[in-house]
Amino acid sequence: MDNFATLELAAIYGIAEIIKYTPPAPAVAPQTEDSWQVLESDLADCKLCGLCSTRPNSVFGSGNRSAELMFIGEGPGADEDKSGLPFVGRAGQLLTKMIEAMHYKREDVFIANVVKCRPPENRDPFQNEVDACIDFLHRQIRLVKPKVIVALGAVSVMHLLNLDTRISKLRGIFQDYEGIKVMPTYHPAYLLRNETKKRDVWEDLKQVMALLGKTP
Ligand code: URA
């Protein structure tokens, strides 16, 4: 309490009341530090949106929890839903090749998604589902503390960066997420349908490699 406030209280209540005064406990308990263990158990129990009712597994994410490089997709597909692991289907196999082309092993990087449970028929997640889930991703990024994030596809870019710009306009241009460089690029599932776009993605990944001191 500063001197002025003390004098004011003295005028209103008298000295005796002020001596008795003890400041109230803070309304909000001090935040405990987040940890992987807490995060995993929060997700395992999560029922924050309707996607929990159709999941056999939530898909937490996998890889090096102190990685310098992180990949973020949109959400689990059928294979990921079954296995509980991210990017294990056909798109995932292509992602593994992309990672290896960058001179990393899959275990060297951390792979996560915007939503952790599969949207039915692989539709894009609804806004309320993203709103319910995105904090898991923010917490993961804060724990991993990567130097660079590669955001895979429009859904990932839009929700991670709160940007509604077309992915074709954003790709190849570094963005910022809380001081971390983010490279938006096409999703590997899109590359499976549009082989010619692989060249663009390679250009984007080469920029990421250069930033991380790797030679293509
Ligand atoms: N597509 C994604 O965006 N994420 C996965 O985990 C699998 C496919």
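Please refer to the structure placed before this passage.
Within each chain, residue numbers correspond to sequence positions counted from 1 in written order. Residue-level local features of this predicted model are given only where pLDDT is at least 70; pairs of side-chain atoms are given and counted only at 80 or more, and the full residue set underlies all totals for whole chains, interfaces and linings. Side-chain numbers here rest on the full set of heavy atoms in the structure, without hydrogens or water.

S.K.: Could you give an account of the environment of Phe-136, with specific residues and numbers?
M.R.: Numbered from the N terminus, helices here are DSSP runs of H or I no shorter than four residues, and strands are runs of E no shorter than two. Relative to the assigned elements, Phe-136 resides in helix H6 (residues 127-144). We call two residues in contact when some of their heavy atoms are within 4.5 Å. Residues contacting Phe-136, with those up to four places away along its chain left out, are Leu-39, Asp-42, Leu-43, Cys-46 and Lys-116.

S.K.: Help me get a handle on the site of the ligand, residues and values and all.
M.R.: Around the ligand, the structure places Gly-73, Glu-74, Gly-75, Glu-80, Pro-86, Phe-87, Asn-113 and His-187. Any N or O atom pair separated by 3.5 Å or less is treated as a polar contact, with the protein-specific requirement of one donor-capable and one acceptor-capable atom, and with residues adjacent in sequence counted only for side-chain atom pairs. A distance of 2.9 Å is found between an oxygen atom of the ligand and a backbone nitrogen or oxygen belonging to Phe-87. One of the side-chain N or O atoms of His-187 is found 2.8 Å from an oxygen atom in the ligand. For the accessible areas, the method is Shrake-Rupley and the probe is 1.4 Å, while residue cover comes only from the protein chains on display. Protein burial of the ligand: of its 240 Å² of free accessible surface, 92% is covered by the chains. Among the residues forming the shell around the ligand, the class breakdown is 2 nonpolar, 4 polar and 2 charged. Residues are labelled near a given molecule or strand when at least one of their non-hydrogen atoms is within 4 Å of it. Amino acids are sorted into nonpolar (Ala, Val, Leu, Ile, Met, Phe, Trp, Tyr, Cys and Pro), charged (Asp, Glu, Lys and Arg) and polar (every other residue, Gly among them).

S.K.: Any chance you could break down the nonpolar core for me, citing the residues and the numbers?
M.R.: The set of buried Ala, Val, Leu, Ile, Met, Phe, Trp, Tyr and Cys residues whose side-chain atoms join them within 4.5 Å is what this entry labels a nonpolar core. Categorising residues by exposure relies on relative accessible area from a 1.4 Å probe, with only protein chains included: less than 20% of the type maximum marks a residue as buried, more than 50% marks it as exposed, and the intermediate range marks it as partly exposed. Leu-69, Met-70, Phe-71, Leu-137, Ile-141, Ile-149 and Leu-160 are the most contacted members of the largest nonpolar core, which has 52 residues in total. Here this core takes 8 residues from H6, the largest share from any one element. Contact partners of Leu-69, with chain neighbours within four places excluded, come to Met-102, Tyr-104, Val-109, Phe-110, Pro-146, Val-148, Val-150, Val-208 and Leu-212.

S.K.: Tell me about the sheet that holds strand S1 (residues 62-63), and please be specific about residues and values.
M.R.: Judged by pairing direction, the sheet is mixed, and its 6 strands sit side by side in the order S1-S3-S2-S4-S6-S5 without closing on themselves. With partners counted over all chains shown, the strands left at the sheet margins are S1 and strand S5 (175-177), one partner each. Examined bridge by bridge, S1 and strand S3 (residues 110-113) share 2 bridges and lie antiparallel to one another. Its bridge partner being in S3, Ser-62 is matched across the sheet by Ile-111. Together, strand S2 (69-73), strand S4 (148-152), S5 and strand S6 (180-185) form the strand contacts of helix H7 (residues 153-161), whose direction differs from that of S4 by roughly 130 degrees. Strands are treated as partners if at least two bridges between them are detected by DSSP. To define axes, lines are fitted to C-alpha atoms, for helices over the stretch in contact only, and angles between the resulting N-to-C directions are given on a 0 to 180 degree scale.

S.K.: So what about the pattern of salt bridges? Which residues, and what values?
M.R.: Pairs may arise between side chains of opposite charge once their charged atoms sit close together. When a carboxyl oxygen of Asp or Glu lies within 4 Å of a side-chain nitrogen of Lys or Arg, that pair is called a salt bridge. Taken as a whole and judged by the stated rule, the model has 9 salt bridges. We note a salt bridge from Arg-139 to Asp-34, for which the minimum N-O separation is 2.7 Å. In this pair, Arg-139 sits in helix H6 while Asp-34 sits in the loop between helix H2 (15-20) and helix H3 (36-44), placing the two residues 105 residues apart along the sequence. For Arg-139, a relative accessible area of 12% puts it in the buried group. Using a relative accessible area of 26% as the deciding quantity, one classes Asp-34 as partly exposed. Salt bridges sharing common partners tie together Asp-34, Asp-42 and Arg-139.

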